[in-house]
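What follows is the residue order along each chain.
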Amino acid sequence: MAPSPSTALHARISRRAGAVAPSATLAVDAAAKALQAAGEHVIGFGAGEPDFPTPKEIVEAAVAACSDPVMHHYTPTAGLPALRAAIAAKTARDSGYEVEPSQVLVTNGGKQAVSNAFAVLCDPGDEVLVPAPYWTTYPESIALGGGVPVVVPSDESTGYRVSVEDLEAAATDRTKVLLFVSPSNPTGAVYPRAEIEAIGRWAVERGVWVLTDEIYEHLVYGDAEHHSMPVVVPELAETCVVVNGVAKTYAMTGWRVGWLIGPPDVVAAATNIQSHQTSNVANVSQAAALCAVSGGLEAVAEMKVAFDRRRRAIVDQLNAIEGVHCPEPDGAFYAFPSVKGLLGKEIRGRRPSSSGELADLCITEAKVAVVPGEAFGAPGYFRMSYALGDEDLHEGVARLASLFGEARP
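Read on for a plain summary of the structure. Note that this is a predicted model, so its numbers are computed, not measured. (Residues numbered from 1 in each chain as written. Predicted model: local features only at pLDDT ≥ 70, side-chain atom pairs only at ≥ 80, totals over all residues. Heavy atoms only, no water.)

1. Section: helix α14 (residues 355-366)
In this model α14 runs 15 Å from its N-terminal to its C-terminal C-alpha over twelve residues, within 8% of the 16 Å that 1.5 Å per residue would give. Those residues of α14 that fall on the buried side of the exposure criterion are Ser355, Leu358, Ala359, Leu361, Cys362, Ile363 and Ala366. Where α14 ends, the next residue or the one after it, Lys367, has phi of about 55 degrees, a positive value. (Helix = DSSP H or I, 4+ residues; strand = E, 2+ residues; numbered from the N terminus. Expected span 1.5 Å × (residues − 1). Buried < 20%, exposed > 50% of the residue type's maximum accessible area, 1.4 Å probe, protein only.)

2. Some remarks on the packing of aromatic side chains
Applying the stated criterion across every chain, the model contains eleven aromatic pairs. Between Tyr160 and Tyr381, the ring centres sit 6.1 Å apart and the planes meet at 75 degrees, which makes this aromatic pair edge-to-face. Here Tyr160 is found in the loop between β4 (148-153) and α8 (164-170), whereas its partner Tyr381 is found in the loop between β11 (371-372) and β12 (382-385), with 221 residues between them in sequence. You can call Tyr160 buried: its relative accessible area is 7%. Both rings, one in Phe307 and one in Phe333, keep their centres 5.2 Å apart while their planes meet at 50 degrees; by these two values the pair is tilted. Taken as a pair, Phe307 in helix α13 (residues 298-319) and Phe333 in the loop between α13 and β9 (334-335) lie far apart in primary sequence, 26 residues in all. Residue classification places Phe307 among the buried positions, given a relative accessible area of 0%. On the accessibility criterion, Phe333 (0% relative accessible area) is buried. Put simply, the rings of Phe52, Tyr216, Phe307, Phe333 and Tyr334 touch in pairs and so form one group of aromatic residues. (Phe/Tyr/Trp six-rings, centres within 6.5 Å; stacked < 30°, edge-to-face > 60°.)

3. Looking at empty space enclosed by the protein
For the structure on display, the rule yields two cavities of 30 Å³ or more. Reported here for the largest cavity is a volume of approximately 130 Å³. Top element by residues in the lining of the largest cavity is strand β5 (residues 175-181). It accounts for three residues. A per-class count over the lining of the largest cavity returns twelve nonpolar, four polar and no charged. What the second largest cavity holds in volume is close to 30 Å³. Looking at the lining of the second largest cavity, the elements that each hand over two or more residues are α5 (81-95) and β7 (240-245). Of the residues forming the lining of the second largest cavity, the biggest block, three residues, is contributed by α5. When grouped by side-chain class, the residues that make up the lining of the second largest cavity number two nonpolar, three polar and three charged. (1 Å grid on protein atoms, 1.4 Å probe; cavity = no way out; pocket = protein on both sides within 12 Å on 5 of 7 lines; lining within 4 Å. Points joined across faces, edges and corners; volume = space filled by probe spheres on them. Nonpolar A, V, L, I, M, F, W, Y, C, P; charged D, E, K, R; others polar.)

4. Notes on the sheet that holds strand β8 (residues 258-261)
Reading across from one edge, β2-β8-β7-β6-β5-β3-β4 is the order of the seven strands in this open sheet, with mixed pairing throughout. Among the strands making up the open sheet, the edge pair consists of β2 (104-107) and β4. Strand-to-strand twist in this sheet, taken as the mean axis angle between neighbours without regard to direction, amounts to 20 degrees. Judged from the three bridges that link them, strand β3 (residues 127-132) and β5 form a sheet pairing that is parallel. Counterpart to Glu127 in the pairing with β5 is Thr175. Sheet contacts for helix α7 (residues 137-144): β3, β4, β5 and β6 (209-213); angle to β4, the most-contacted strand, approximately 150 degrees. (Pairing = 2+ DSSP bridges. Axes fitted to C-alpha atoms, helices over the stretch in contact; angles between N-to-C directions. Contact = heavy atoms within 4.5 Å.)

Below, the structure is given as structure tokens:
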């Protein structure tokens, strides 16, 4: 049968959609769960979520909301007024950034906040500086918003942090936005205050917007501290968007509540976009988030004790493996070891030439799931979440040590 004229003239899938890569972190997690469902004992270092339940009082707030008829209907696109006010108050409490509730847009998780922000800020061809290693979603959201991601590389020699000089070298007259993340997913890097100030002042002087993702703000360890860029550089406030959410601080990844904070015109435009995409965030989830951000930080303090213990353990175990080098992360719950010393060596009859091939070997031979660095713009590395039980963490790294111990030239 001959193709119809419409089929001949138009591709089935748009170029924009066809260019979007799937989330590598979710793909690795799905592969691990599929093997587990088949009866395999797979240890997964892939998922970026706390292995703790959502605190009881937050769940109870959601249960109560289910019985409230008000919550059975549409509510304002920008979020429940009480939640927007609570987020503004929480932001002032936790980072010192004072904003009005009208500057808050509640979104379906942090991903929608990122997507909305780039849709508002980018015209076709506008460039966004993206320090690497980066979270897999950032470049895709930029491209879907019409922007062009410009990768600014870093590695363990700089603590996975970029400098003003790096940013200046990558900037052009098309640069519209700098994406800034501290603490970082995937590396756990935390920028010191002086470096944040220098980068923020550079952005102001260059007339570049900043999108700063602060979702790991409370997960810092040792002497590291989180600093919000618009607090450190107040004159940046009119050209800054802050992204955050309840997912990591309150162990609420599945509840899907995030937010963006920005100048009124940006928030209004992002709200208009969201009104056509998803309308309001699920009311029951918003009620849970209201309870979370209105309460204290006791739950995250407890999680931090476990994460800090696991952080030090995974770094020690990984660095004991020949061919692996892992700097100690200062924040989030990820280790980002270099595995370049293992590439090209023979392991179980294979010679992996990339971290992607090595990650495939890990899951097939050791039943250990890791995310290869290619997904984060950093070939030659693994991202390994230590948000899993202590026993599984030790067993998983021990399996890798056994497998990598077989490496031969």
